[in-house]
Amino acid sequence: PPAAAGRLLARARAAHLTLNTCVQAAWARLVAARTGQARVAFGTTVAGRPADLPGAETVLGLFINTLPGVHDPDPARPPPPWPAGRPAARSVPAQ
């Protein structure tokens, strides 16, 4: 419902985080809890049309990519509001 979404957005803003960061952190915690794994991985779809691509404004179609994210969420940390810049799920480079 819109009221719940508004509350989530307000909490994210108060913690100086994007709503997407909070959703990804929650998803990482859920996947870790359900699988029993300390480190989990999932893809995040991103969109963008590079400004430096010649003729980018005339090309039709989607410019999307799925980026891997490896997270090791800390179940001991409370949910938002987290300290600014310190989400519950810390992305680490894939190994």
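Residues numbered from 1 in each chain as written. Predicted model: local features only at pLDDT ≥ 70, side-chain atom pairs only at ≥ 80, totals over all residues. Heavy atoms only, no water.

## Description of the overall build of the protein chain
Convention followed: Think of it this way: any DSSP run of H or I at least four residues long counts as a helix, any run of E at least two long counts as a strand, and we number them from the N terminus. The buried label goes to any residue with under 20% of its type's maximum accessible area, the exposed label to any with over 50%, and the partly exposed label to all in between, with areas taken from a 1.4 Å probe on protein chains only. Contact between two residues is taken to exist if any of their heavy atoms lie within 4.5 Å; hydrogens are not considered. Accessible surface area values rest on a Shrake-Rupley calculation with a 1.4 Å probe, where residue burial reflects the displayed protein chains alone.
In terms of helices and strands, the protein chain carries two helices and three strands. Taken from the N to the C terminus, the helices and strands of the protein chain come in the order α-α-β-β-β. The buried share of the protein chain, reckoned over its 95 residues, is 23%. Considering only contacts in the protein chain between residues 6 or more positions apart, those separated by 24 or more positions represent 49%. Counting only carbon and sulfur atoms, one obtains 63% of the accessible surface of the protein chain, whose full area is about 6,900 Å².

## Quick notes on helix α1 (residues 2-14)
Under the convention used in this document: Multiplying 1.5 Å by the residue count of a helix minus one yields the expected span of that helix.
Here α1 is 13 residues long and its end C-alpha atoms lie 18 Å apart, about the 18 Å a rise of 1.5 Å per residue gives. A positive phi of about 60° marks H16, the residue just after α1.

## Brief notes about the pattern of salt bridges
Heads up, the rule is: Criterion for a salt bridge: a side-chain nitrogen of Lys or Arg within 4 Å of a carboxyl oxygen of Asp or Glu.
All told, the structure shown has one salt bridge when counted by the stated rule. Two residues, R39 and D72, come together in a salt bridge whose shortest N-O distance is 3.2 Å. Linking R39 in the loop between α2 (19-35) and β1 (40-47) with D72 in the loop between β2 (64-71) and β3 (91-92), this pair joins segments that are 33 residues apart in sequence.

## Quick notes on a nonpolar patch on the surface
Operational definition: Each patch is built from residues that are more than 30% exposed by relative accessible area and take part in no salt bridge. Like charges join if they lie within 9 Å; nonpolar side chains (Val, Leu, Ile, Met, Phe, Trp, Tyr) join within 5 Å.
A cluster of nonpolar side chains, contributed by L8, L19 and V23, occupies part of the molecular surface with about 260 Å² of accessible area. Mapped onto the fold, L19 is located in helix α2. The class of L19 is partly exposed, set by a relative accessible area of 34%.

## Side note on α2
Basically, it comes down to this: The arc in question is formed by the directions pointing from the helix axis toward the C-beta atoms.
For α2, with 17 residues, the first-to-last C-alpha span of 24 Å sits near the 24 Å given by 1.5 Å per residue. For α2, the set of buried residues is C22, Q24, A25, A28 and A32. Looking straight down α2, one finds its buried side chains confined to an arc of 165°; they lie on one side. Exposed side of α2, more than 90 degrees from the buried face: A33 and R34 are the residues found there. As for α2, its buried residues are in contact with α1, β1 and β2. A positive phi of about 75° marks G36, the residue just after α2.

## Overview of the confidence of the model for the protein chain
So the rule is basically this: Each residue carries a pLDDT score, the predictor's own confidence in it, on a scale running from 0 to 100.
With 82% of its residues at a pLDDT of 70 or more, the protein chain has an overall mean of 81. Looking across the protein chain, the model is least confident in β3, with a mean pLDDT of 49, and most confident in β1, with 91. Note that pLDDT drops below 50 for residues 81-94; the model gives that stretch 35 contacts with residues more than four away or on any other chain.

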